[in-house]
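A closer look at the structure
In case you want the letters, here they are:
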Amino acid sequence: MNKIYCSTGTLVGRVCGYDYSLISKHLPKLYENGTIDGMEFMMIPFYYDILCKVIDTVKSSNVPSPIIHCEKDVGVLLSDCDEESTRRAFELFKINCEAGEKIGAQKMVFHLWGGEKSDSHIEYNISFLEKLIKIAEGFRLKLLIENIPCTTHSGLQNWKRIKEFLPKIDFIFDTRFGSFHDEINEILEDELWNFVSHIHISDYSSYPRDFSKIRPILHPGEGVIDFDSLFEKLSTKAYNGSFTLESPVMIQNGADIEKLNSSLIYIKNHLK
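This text gives an overview of the structure that appears in the document. (Residues numbered from 1 in each chain as written. Predicted model: local features only at pLDDT ≥ 70, side-chain atom pairs only at ≥ 80, totals over all residues. Heavy atoms only, no water.)

Looking at the pairing of strand β8 (residues 242-245)
- Where burial is concerned, the two faces of β8 agree: the one with Ser242 and Thr244 and the one with Phe243 and Leu245 are both buried.
- Direction of pairing for strand β1 (residues 4-7) relative to β8: parallel, over a ladder of three bridges. Looking at the pairing, isoleucine 4 lines up with phenylalanine 243 of β8.
- Bridging between strand β7 (residues 196-201) and β8 involves four bridges; their strand directions are parallel. Counterpart to histidine 198 in the pairing with β8 is serine 242.
- With respect to chirality, the unit in which β7 leads through helix α10 (residues 227-236) into the neighbouring parallel β8 is right-handed. (Buried < 20%, exposed > 50% of the residue type's maximum accessible area, 1.4 Å probe, protein only. Helix = DSSP H or I, 4+ residues; strand = E, 2+ residues; numbered from the N terminus. Pairing = 2+ DSSP bridges. Right-handed = clockwise from strand over helix to strand, strands pointing away.)

Let's talk about the side chain of asparagine 96
- Counting through the fold element by element, asparagine 96 comes out in helix α4 (residues 83-103).
- According to the relative accessible area criterion, asparagine 96 is buried, its value standing at 0%.
- A distance of 2.7 Å separates a polar side-chain atom of asparagine 96 from the backbone oxygen of leucine 92. (Polar contact = N/O pair within 3.5 Å; in protein donor to acceptor, adjacent residues only side chain to side chain.)

Description of the pairing of strand β2 (residues 38-42)
- Counted residue by residue, β2 has five buried out of five residues, so it is predominantly covered.
- Taken together, the three bridges between β1 and β2 define a ladder with parallel strand orientation. Counterpart to serine 7 in the pairing with β2 is glutamate 40.
- In this fold, β1 hands off to helix α1 (residues 21-32), which returns the chain to β2; that crossover is right-handed.
- Strand direction decides the pairing type here: β2 and strand β3 (residues 67-69), joined by three bridges, are parallel. Residue pairing in the sheet places glutamate 40 in a bridge with isoleucine 67 of β3.

Here is the structure:
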């Protein structure tokens, strides 16, 4: 049975003043009533100086946290392609892995590239992947590489490069980024789909490779992605992996929980 998770990134960010207490305020109710099966803990730069407090909040919520989303700047630093940035990337990566172990996560979503340089030197980023995987395994985490936006290639093209380097690697598929590169159907039909074990759900509003439209992150049904067709294909393929809603509901001093609940129910209904 497919599991449905809610990203903590839907609740915590700049708009609400990074109020991480919203995690324990709202997610337990969604978990107790069966709307979600757990949370995907999103690491953000704001957390590093108060990480112990944030982890305590996550654990005290009593909501399972099987997945941690590694802080995105790790991939950005790797894309800088210099020794100091790479050293800092590994330093932050280990902190993220420690956080994942402490909250009880088993999987880590990872951006292997990012920032202005993005995947322009993807072979450099890939060269560190085996070492990153071993570090993650030391904290009992399985690394999943996401199909994030690219400036040089595409998510699927980079997956293929990664798979040639590490045949046993698994992936996480993001619907918004798949639409950004206009390759949702191509990904679903590719042999690499057999190595996708997790899916991020959010919508996209524009034509392919329109970087100005990556944000705001839309809720499913608000953009151009045909989710009816997507879920029908997932059913045909007997996809048994998990899903995480990533679309934010942050408002000043709080969160739009009615909208959050509506999008989670939207996913649940499609799975039926």
